[in-house]
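Commentary on secondary and tertiary structure
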Amino acid sequence: NEIPEPPVAEDPELEGADGSEATTTADEEVEEKFDERFPELRALSERLALTPVEQAECIAKVVTPIIATLIDDAASTLSKKDNTAETLERLEAVFDFMDGALEVFEVFAEGVEIKPVVYVGRTPKRQLEQLYSRYCVVGGEDNLTSLQRLLEIKDGAAERMSTKAMMESMQAMMKGEGGNPFGDMDMGDMEGLEELMAGMNMDG
């Protein structure tokens, strides 16, 4: 007679509640990968026994001066004539860094509410508004909102600057600096429009 093989012990972690083989869902895989990010920072946080609020404040203290440096770098391009492309490139570097900082925040302090990070550098307010104005014409809505909040520009001022930047862009195109925004329409039919736009009180 053959001796029956002993039953194999089942690993409960490999089985589902109904005895079927357990599977890892896509959400669980994403969460596991998410938790594996920034291992050095995670180890440091655990060693210092920081609370989520303390972690959030530490992140903000590190991020704030870096953002100030990036904004100052973007503002340094304003003195150069016809240099909008470089200004926008420097601002995109700001947004890229902010995206990375947000990822760190989500890992270590998700759900924690602290005072928003704002610009605290040396660039004068007038130049900060120039940065915002340059980004108004080509910037995406999300980034524009982030920039407004970062530079602490009030809603009314932001709306005026956005409108003025758009009007100036249209005027430049009418003068042939950026093509005709009205397609094949005879610009002679638009006589007086430029004067009307130029005469509008954009300062409210």
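Residues numbered from 1 in each chain as written. Predicted model: local features only at pLDDT ≥ 70, side-chain atom pairs only at ≥ 80, totals over all residues. Heavy atoms only, no water.

What to know about the side chain of Gln55
How we decide: Helical segments are the DSSP runs of H or I of at least four residues, strand segments are the runs of E of at least two, and each set is numbered from the N terminus. Contacts: residue pairs with any heavy atoms within 4.5 Å of one another.
Among the structural elements, Gln55 can be located in helix α3 (residues 52–75). In contact with Gln55, not counting residues within four places along its chain, are Ser45, Leu50 and Phe108.

Structural notes on the packing of helix α5 (residues 125–138) against helix α7 (residues 155–174)
Counted only if it meets this: In this analysis, axes come from line fits to C-alpha atoms, helices being fitted only over the stretch in contact, and the angle between any two N-to-C directions falls in the range 0 to 180 degrees. These descriptions rest on fixed angle ranges, namely under 35 degrees for roughly parallel, over 145 for roughly antiparallel, 65 to 115 for roughly perpendicular, and the rest for oblique. Crossing handedness is defined as follows: a turn of the near helix away from the far one that is anticlockwise and smaller than a right angle gives a left-handed crossing, while the clockwise case is right-handed. The residue classification treats Ala, Val, Leu, Ile, Met, Phe, Trp, Tyr, Cys and Pro as nonpolar and Asp, Glu, Lys and Arg as charged. All others, Gly included, are polar.
One way to put it is that α5 packs onto α7 with a least axis distance of 8 Å and a crossing angle of 55°. In terms of orientation, α5 lies oblique with respect to α7. Crossing angle aside, the handedness with which α5 passes α7 is right-handed. Contacts between α5 and α7 pair Glu129, Tyr132, Ser133, Cys136 and Val137 from the former with Ala158, Met161, Ser162, Ala165, Met166 and Ser169 from the latter. For the contact of α5 with α7, the residue count by class is seven nonpolar, three polar and one charged.

Examining the packing of α3 against α5
It is the contact of α3 with α5, at a shortest axis distance of 10 Å, that shows an interaxial angle of 80°. Judged by the inter-axis angle, α3 sits roughly perpendicular to α5. For the pair α3 and α5, contact is made by Ile71, Ala74 and Ala75 and by Gln127, Leu128 and Leu131, respectively. When the residues that make up the contact of α3 with α5 are grouped by side-chain class, the tally is five nonpolar, one polar and no charged.

Thoughts on unusual backbone geometry
Rule in force here: A 1.4 Å probe rolled over the protein chains alone gives each residue an accessible area, and that area as a share of the maximum for its type sets the label: buried under 20%, exposed over 50%, partly exposed in between.
Non-glycine residue Ala49 carries a positive phi angle of around 55°. You will see that Glu152, though not glycine, has its phi angle at about 55°, which is positive. Within the element layout of this structure, Glu152 appears in the loop between α6 (141–151) and α7. The exposed category is assigned to Glu152, whose relative accessible area is 55%.

A short note on the nonpolar core
Buried together is how nonpolar side chains tend to be arranged in soluble globular proteins. Rule in force here: Take the buried Ala, Val, Leu, Ile, Met, Phe, Trp, Tyr and Cys residues and link them wherever side-chain atoms come within 4.5 Å; each set so joined is a nonpolar core.
The biggest cluster of nonpolar side chains holds 35 residues, and the ones touching the most others in it are Ile71, Leu91, Leu131, Tyr132 and Leu147. Here this core takes ten residues from helix α4 (residues 84–109), the largest share from any one element. If sequence neighbours within four positions are ignored, Leu91 has contacts with Ile71, Ala74, Leu131, Tyr135 and Leu147.

Focus on the pattern of salt bridges
Condition: We count a salt bridge whenever a side-chain nitrogen from Lys or Arg sits within 4 Å of a carboxyl oxygen from Asp or Glu.
On inspection of all chains with the given rule, the structure shows three salt bridges. Glu86 is the salt-bridge partner of Arg90, the closest N and O atoms lying 2.5 Å from each other. With a gap of four residues between them, Arg90 and Glu86 both fall in helix α4, about one helical turn apart. One salt-bridge network, held together by shared partners, links Asp73, Glu86 and Arg90.

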